[in-house]
Amino acid sequence: MKCSDTILRKLSSMKRCVDYLKSLDPETLDMEYDYEKRSAVERNFQLAIESAIDIGEIIISEEGFERPQDYKSVFLILGKHSILPKGFAEKFAPSAGFRNVLVHMYDEVDLEVLKEYLTEKLGDFEEFAGYVLEYTEKKETE
């Protein structure tokens, strides 16, 4: 399987998660008392972020860039090498920390942060996908 096929599969998975999250109305969503909804929101964010990290790691490996020290640095390395605009990479990188909270400190997930991601950060995933598609298209023409 070509790297671009794997990237496109991961993008599709990320889009499915983001589409689900976008289908929710944060104003009527009561994550404090609706355990199932909250679990679904947390899991879909986790999977969307992990898809983005996986994509970044594939590109880093394919290009022979330096190895990331942690998940956050995956995005920073992509920014350093102009796969992502540097400013966007710096804005998107903290999502890796949010993923770590979701995975390792699930009992400490701040509902306000979760709501902020739901209302203000979903577009970042679509923006990330756009830059990745530009990269894959450019690679196919090389």
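Nothing here was measured: the structure is a model prediction, and the numbers come from that model.

Peer 1: I keep staring at the packing of aromatic side chains and nothing clicks. Help me out?
Peer 2: Here a ring pair, both rings aromatic, is described through the centre-centre distance and the interplanar angle of the planes. This structure, assessed with the given rule, holds ten aromatic pairs. Seen from their ring centres, Phe 45 and Tyr 117 are 5.7 Å apart, and the 80° between their planes marks the pair as edge-to-face. Here the residue Phe 45 occupies a position in helix H2 (residues 35–63), and Tyr 117 occupies one in helix H6 (residues 111–141), the gap between them amounting to 72 residues. Side by side, Phe 45 and Tyr 117 carry an identical accessibility label, which is buried. Between Phe 88 and Phe 92, the aromatic rings sit 5.4 Å apart at their centres with planes inclined by 15°, giving stacked as the arrangement. Of this pair, Phe 88 and Phe 92 both sit in helix H4 (residues 86–92), four residues apart, which is roughly one turn of the helix. With relative accessibility at 2%, the residue Phe 92 sits in the buried group. Aromatic ring contacts, followed pair by pair, group Phe 45, Phe 75, Phe 88, Phe 92, Phe 98, Tyr 117, Phe 125, Phe 128 and Tyr 131 into a single cluster. We note Lys 121 situated over the ring of Tyr 117; from NZ or CZ to the ring centre the distance is 5.5 Å.

Peer 1: How should the environment of Glu 27 be read in this particular structure?
Peer 2: Within the element layout of this structure, Glu 27 appears in the loop between helix H1 (3–22) and H2. For Glu 27, a relative accessible area of 69% puts it in the exposed group. Taking the C-alpha atoms as reference points, Glu 27 and Lys 115, 88 residues apart in sequence, are found 9.4 Å from one another.

Here is what the cut-offs are and how they apply
- Residues numbered from 1 in each chain as written.
- Predicted model: local features only at pLDDT ≥ 70, side-chain atom pairs only at ≥ 80, totals over all residues.
- Heavy atoms only, no water.
- Phe/Tyr/Trp six-rings, centres within 6.5 Å; stacked < 30°, edge-to-face > 60°.
- Helix = DSSP H or I, 4+ residues; strand = E, 2+ residues; numbered from the N terminus.
- Buried < 20%, exposed > 50% of the residue type's maximum accessible area, 1.4 Å probe, protein only.
- Lys NZ or Arg CZ within 6 Å of the ring centre and 35° of its normal.

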